[in-house]
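# Geometric and topological summary
In case you want the letters, here they are:
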Amino acid sequence: EISGGTEYCVVANGSVYCWGENLVGQLGVNATSDGYSKPVSVMNEAGVLAGKTVPKLGAGNNFVCAATSEPNIYCWGYNFDGEFGNGSRTSSAKPVLVTTSGHPLYGKTISKLVAGSAHACALTGGEVYCWGYNALGQLGTGNNLNQLYPAKVQGVLAGKTVTDISANGPSTCAVANARVYCWGSNDFGQIGDGTSQ
């Protein structure tokens, strides 16, 4: 797994390494700085992920979320628009446990985790949950309200089994029943339906 926003992160042997910009702590090393020009271990520097295995991650602009095999989700970096999906707007320079008891994704195995500019989505059990910034409808919730907790994507995906998801900038796409569905910003034709508005 490799993902990038203002920072890049990669999973190698179940561990997370990040490099690039770190002005708001998006590298997860419990510090802020101009950045790192080579990978640093999020597991060792911050300690929160020590001993855990991380199979999935998504890096957005100034924040990163990672799914561990426990299963749990941890996020770090910028959180002003609810990018962590933990009900708060408090940013953190080290990983924060998101999926506490009562959380919509608590105990669920995450098969895919992606991030756009300021939103994230998780695929679990054939269903998609998204959270964070939503001014352009990139969460697929049928409105333009930011979500501080994961919200299930419904609409045309209701009753379908989603097998893959992707997010980039303020747009999101999913593969379900051998068809592709996209939502969010479409100013450059990101939706792929022949329009751009």
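Whatever comes next refers back to the structure up there.
Note that the coordinates shown come from a computational prediction; the quantities given were computed from them, not determined experimentally.

### Structural notes on the state of the cysteines
For the structure on display, the rule yields four disulfides. With its sulfur 2.0 Å from that of its partner, cysteine 9 forms a disulfide with cysteine 18. Note on the cysteine 9 and cysteine 18 pair: the S-S dihedral is about 105 degrees, so by sign convention the disulfide is right-handed. The disulfide bridge from cysteine 121 ends at cysteine 130, spanning 2.1 Å between sulfur atoms. The disulfide joining cysteine 121 to cysteine 130 has a torsion of about 110 degrees about its S-S bond and is therefore right-handed. Its relative accessible area of 0% is what places cysteine 121 among the buried residues. With cysteine numbering restricted to those in disulfides and following the sequence, the protein chain has the pairing 1-2, 3-4, 5-6, 7-8.

### A few points about the sheet that holds strand 3 (residues 15-22)
The four strands lie next to each other as 1-2-3-4, forming an open sheet whose pairing is antiparallel. Edge positions in the sheet fall to strand 1 (2-4) and strand 4 (33-41), since each has one partner strand and no second. Averaged over all pairs of adjacent strands, the angle between strand axes in this sheet comes to 15 degrees, irrespective of strand direction. Relative to strand 4, strand 3 runs antiparallel, the two being bridged by five bridges. Across the sheet, residue glutamate 21 finds its bridge partner in strand 4, namely glycine 35.

### Points about the sheet that holds strand 8 (residues 92-97)
Read from one edge of the open sheet, four strands run 5-6-7-8, paired in antiparallel fashion. The strands lining the two open edges of the sheet, one partner per strand, are strand 5 (56-59) and strand 8. Adjacent strand axes in the sheet meet at a mean angle of 15 degrees when their direction is disregarded. Bridging between strand 7 (residues 72-77) and strand 8 involves three bridges; their strand directions are antiparallel. What sits directly across from glycine 77, in strand 8, is serine 92.

### Some details on the side chain of asparagine 72
Along the chain, asparagine 72 falls in strand 7. For asparagine 72, a relative accessible area of 16% puts it in the buried group. Engagement of the side chain of asparagine 72 in a polar contact is seen with the side chain of threonine 99, the distance being 2.8 Å.

### Structural notes on the side chain of serine 171
As for its position among the elements, serine 171 is in strand 14 (residues 171-176). Taking relative accessible area as the criterion, serine 171 reaches 8% and is therefore assigned buried. Here the side chain of serine 171 touches serine 185 through a polar contact of 2.9 Å, landing on its backbone oxygen. Contacts of serine 171, omitting those with residues within four sequence positions, involve His119, Gln138, Ser166, Trp183, Gly184, Ser185 and Gln190.

Calculation rules
- Residues numbered from 1 in each chain as written.
- Predicted model: local features only at pLDDT ≥ 70, side-chain atom pairs only at ≥ 80, totals over all residues.
- Heavy atoms only, no water.
- Disulfide = S-S within 2.5 Å.
- Buried < 20%, exposed > 50% of the residue type's maximum accessible area, 1.4 Å probe, protein only.
- Pairing = 2+ DSSP bridges.
- Helix = DSSP H or I, 4+ residues; strand = E, 2+ residues; numbered from the N terminus.
- Axes fitted to C-alpha atoms, helices over the stretch in contact; angles between N-to-C directions.
- Polar contact = N/O pair within 3.5 Å; in protein donor to acceptor, adjacent residues only side chain to side chain.
- Contact = heavy atoms within 4.5 Å.

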